[in-house]
Amino acid sequence: QVQLVESGGGLVQPGGSLRLSCAASGSISSVYAMGWYRQAPGKQRELVAAISSGGATNYADSVKGRFTISRDNAKNTVYLQMNSLKSEDTAVYYCNAWVWAHGSSSDNDYWGQGTQVTVSS
């Protein structure tokens, strides 16, 4: 089994910063693409940022220049540094990873439990 455990959410004022972390653990053979999604109340889940195993990144237009995704392959961990936060960034943030688990015939995508980010004064 593979688990994704997120940390780092919380309450922050507009203009502030937060750093999210997500560690993959369990019976892992390889971790491929990793990413962060978010879902605000009444809205669909959307991609925030993604990073390949080689470090190539992709961002939603709404966060470009403010958020930075990175990863530590040795720790199977992905990070999301969020700067200049706005009220519209308020959402539950979910970690996602494509993982080839030991004994599996293919890779599968896994999700974290979600962490709340609230941007408010």
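Residues numbered from 1 in each chain as written. Predicted model: local features only at pLDDT ≥ 70, side-chain atom pairs only at ≥ 80, totals over all residues. Heavy atoms only, no water.

1. Focus: the overall build of the protein chain
Counting its regular elements, the protein chain contains zero helices and 11 strands. What you see in the protein chain, going N to C, is helices and strands ordered as β-β-β-β-β-β-β-β-β-β-β. Over its C-alpha atoms the protein chain spans a radius of gyration of 14 Å, differing by no more than 12% from the 14 Å that the globule rule assigns to 121 residues. Counting only C-alpha atoms and orienting by the principal axes, one finds that the protein chain spans roughly 50 × 25 × 20 Å. Taken over 121 residues, the protein chain has a buried fraction of 40%. At a minimum sequence separation of 6, the contacts of the protein chain that also span at least 24 residues come to 56%. As presented, the protein chain carries roughly 6,200 Å² of accessible surface, and 46% of it is formed by carbon and sulfur atoms. Taken together, the 9 basic and 8 acidic charged side chains of the protein chain have centroids lying 5 Å from each other. (Helix = DSSP H or I, 4+ residues; strand = E, 2+ residues; numbered from the N terminus. Rg over C-alpha atoms; globule rule 2.2 N^0.38 Å. Buried < 20%, exposed > 50% of the residue type's maximum accessible area, 1.4 Å probe, protein only. Contact = heavy atoms within 4.5 Å. Areas by Shrake-Rupley, 256 points an atom, 1.4 Å probe, with all protein chains shown as cover. Lys, Arg positive; Asp, Glu negative; His and termini not counted. Charge placed at Lys NZ, Arg CZ, Asp CG, Glu CD.)

2. Quick word on the nonpolar core
Membership of the largest hydrophobic core comes to 33 residues, with the highest contact counts inside it found for Trp36, Leu80, Met82 and Tyr93. Elements with a minimum of two residues in this core: strand S1 (2–7), strand S3 (18–26), strand S4 (28–39), strand S5 (46–51), strand S7 (67–72), strand S8 (77–82), strand S9 (91–101) and strand S11 (115–119). In terms of residue count, S9 provides more of this core than any other element does, six residues in total. (Core = buried A, V, L, I, M, F, W, Y, C linked by side-chain atoms within 4.5 Å.)

3. Some details on the pairing of S3
Alignment of S1 against S3, held across six bridges, turns out to be antiparallel. Paired with Gln3 across the strands is Ser25, a residue of S3. Relative to S8, S3 runs antiparallel, the two sharing six bridges. Of the residues in S8, the one forming a bridge with Leu18 is Met82. (Pairing = 2+ DSSP bridges.)

Functional significance is not addressed by these values, which are geometric in nature.
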